[in-house]
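# Summary of the model geometry
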Amino acid sequence: MSSNLLTIAPADLFVRYSLDSARLGERPMVERRLADLRGSFADAAAYEAALARGNPILYQVSAVEPASGDGQLHYGLGMLQPGRIGDEYYLTKGHYHSHRPAAELYVGLRGEGAMLLEDEASGESRLVPLLPNSAVYVPGHTAHRTVNTGTEPLVYLGIYPSNAGHDYAAIAEKNFRHLVVARDGRPTLIPRPAAQL
Ligand code: PAN
Ligand code: ZN
């Protein structure tokens with residue numbers, strides 16, 4: 001589908017957002033609660049204990065999708081709460097893009113966090129800070145997960161090709177090879193314990 005200035009709705013040309021919510025304009029928000037993250041955290045006992053105490057919202061995302069097709073962009077605003085399950089920082093599910101070559105640009109707006117990146121072919125990982133006044137480039141063919149390593153909500157924009165799509169299945173089946181934990185109070189990347197591979 002081709003699109004141009006005249007085919008984009010005015011509400012998609014200019015969108016307000018606030019750093020206190022994850023809402024882009026009036027767009028619907030997807031909510032992910034602790035119960036939705038089953039299998040994501042390494043420490044299953046700590047996860048069950050936390051869930052027995054409550055089912056808080058871990059993160060919310062809303063997206064603007066002005067047009068689809070060759071060359072078009074979509075973007076999302078995410079807000080990930082601070083917290084930990086055991087030593088592991090609160091995290092997003094993480095995904096590959098269904099269209100594997102699709103890259104993404106993350107822009108940090110508020111809070112302190114990081115992007116866990118994992119190359120599909122080699123399994124190599126990188127932990128890259130996600131902070132205000134900074135951007136993180138997520139190449140294609142790279143699984144990406146956001147972690148909140150700070151004490152306030154982490155707010156960020158993700159900007160991606162309209163045909164990127166989300167592939168959660170590969171991560172649901174086989175989690176990231178590394179996790180981000182607090183060691184001496186600092187975010188540290190460690191290999192996933194062998195029992196959980
Ligand atoms: C982001 C993510 C957002 C939520 O907009 O969708 O951070 O993470 P999950 O989708 O892994 O639950 C993005 O990467 N879009 O492509
Ligand atoms: Zn993505």
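Conventions and cut-offs
Residues numbered from 1 in each chain as written. Chains lettered and ligands numbered in written order. Predicted model: local features only at pLDDT ≥ 70, side-chain atom pairs only at ≥ 80, totals over all residues. Heavy atoms only, no water. Donors = N, O, S within 2.8 Å, 3.2 Å for Na, K, Ca; no water. Tetrahedral: all angles 85-135°; square planar, octahedral: opposite > 155°, others 65-115°. Helix = DSSP H or I, 4+ residues; strand = E, 2+ residues; numbered from the N terminus. Buried < 20%, exposed > 50% of the residue type's maximum accessible area, 1.4 Å probe, protein only. Pairing = 2+ DSSP bridges. Near = heavy atom within 4 Å. Polar contact = N/O pair within 3.5 Å; in protein donor to acceptor, adjacent residues only side chain to side chain. Areas by Shrake-Rupley, 256 points an atom, 1.4 Å probe, with all protein chains shown as cover. Nonpolar A, V, L, I, M, F, W, Y, C, P; charged D, E, K, R; others polar. Axes fitted to C-alpha atoms, helices over the stretch in contact; angles between N-to-C directions. Patch = residues over 30% accessible without salt bridge, like charges linked within 9 Å, V, L, I, M, F, W, Y side chains within 5 Å. Salt bridge = Lys/Arg side-chain N within 4 Å of Asp/Glu carboxyl O.

This part takes up the coordination of the zinc ion (ligand 2). On the protein side, the zinc ion (ligand 2) has H95 (NE2), H97 (NE2), E104 (OE) and H144 (NE2) as donor atoms, found 2.1 to 2.3 Å from it. Classification of the site at the zinc ion (ligand 2) as octahedral follows from its six donor atoms and the range of 75 to 172° in their angles at the metal. One chain supplies every donor to the zinc ion (ligand 2), and in sequence these donors are spaced H-x1-H-x6-E-x39-H. Residue H95 is found in the loop between β5 (88–89) and β6 (96–97), and its partner H144 is found in strand β11 (residues 142–148); the two are separated by 49 residues along the sequence. Take H95 and H144: they sit in the same class, and that class is buried.

Let us now look at the pairing of strand β12 (residues 154–161). Taking burial as the measure, the eight residues of β12 include six buried ones, the bulk of the element. Here eight bridges tie strand β3 (residues 73–80) to β12, and the two strands are oriented antiparallel to one another. Counted as the bridge partner of G78 is Y156 from β12. Sheet topology places strand β7 (residues 104–110) next to β12; four bridges connect them, and they run antiparallel. In the sheet register, V107 faces β12, and the bridge partner there is L157.

Looking now at the site of ligand 1. Near ligand 1 you find 14 residues, and of these Y59, G94, Y106, Y156 and Y168 are the closest. In this structure, an oxygen atom belonging to ligand 1 sits 2.5 Å away from a side-chain N or O atom of Y59. At 3.0 Å from an oxygen atom of ligand 1 is found a side-chain nitrogen or oxygen belonging to H95. Within the complex, 96% of the 400 Å² of free accessible area of ligand 1 lies under protein. Residue assignment for the shell around ligand 1 shows that the elements contributing at least two residues are β2 (57–64), β7 and β12. Partitioning the shell around ligand 1 into residue classes produces six nonpolar, six polar and two charged.

Next up on the list: the sheet that holds strand β10 (residues 134–138). Pairing in this open sheet of six strands is antiparallel, and the strands run β1-β2-β3-β12-β7-β10 from one edge to the other. Each edge of the open sheet carries a strand with a single partner, namely β1 (30–33) and β10. Shown here is a sheet whose adjacent strand axes are inclined to one another by a mean of 20°, direction ignored. In terms of strand pairing, β7 meets β10 through five bridges, oriented antiparallel. Bridge assignment links G108 to a residue of β10, and that residue is S134.

Moving on: a nonpolar patch on the surface. The grouping of L5, L6, L13 and F14 at the surface amounts to a nonpolar patch, some 530 Å² of accessible area in total. Examined against the element boundaries, L13 turns out to sit in helix α1 (residues 10–13). With a relative accessible area of 53%, L13 lands in the exposed category.

This brings us to the sheet that holds β11. The three strands lie next to each other as β9-β8-β11, forming an open sheet whose pairing is antiparallel. On the outer flanks of this sheet lie β9 (125–130) and β11, each paired with one strand and no other. For this sheet the average axis-to-axis angle between neighbouring strands, irrespective of direction, equals 20°. Alignment of strand β8 (residues 113–119) against β11, held across seven bridges, turns out to be antiparallel. Its bridge partner lying in β11, L116 is registered against R145.

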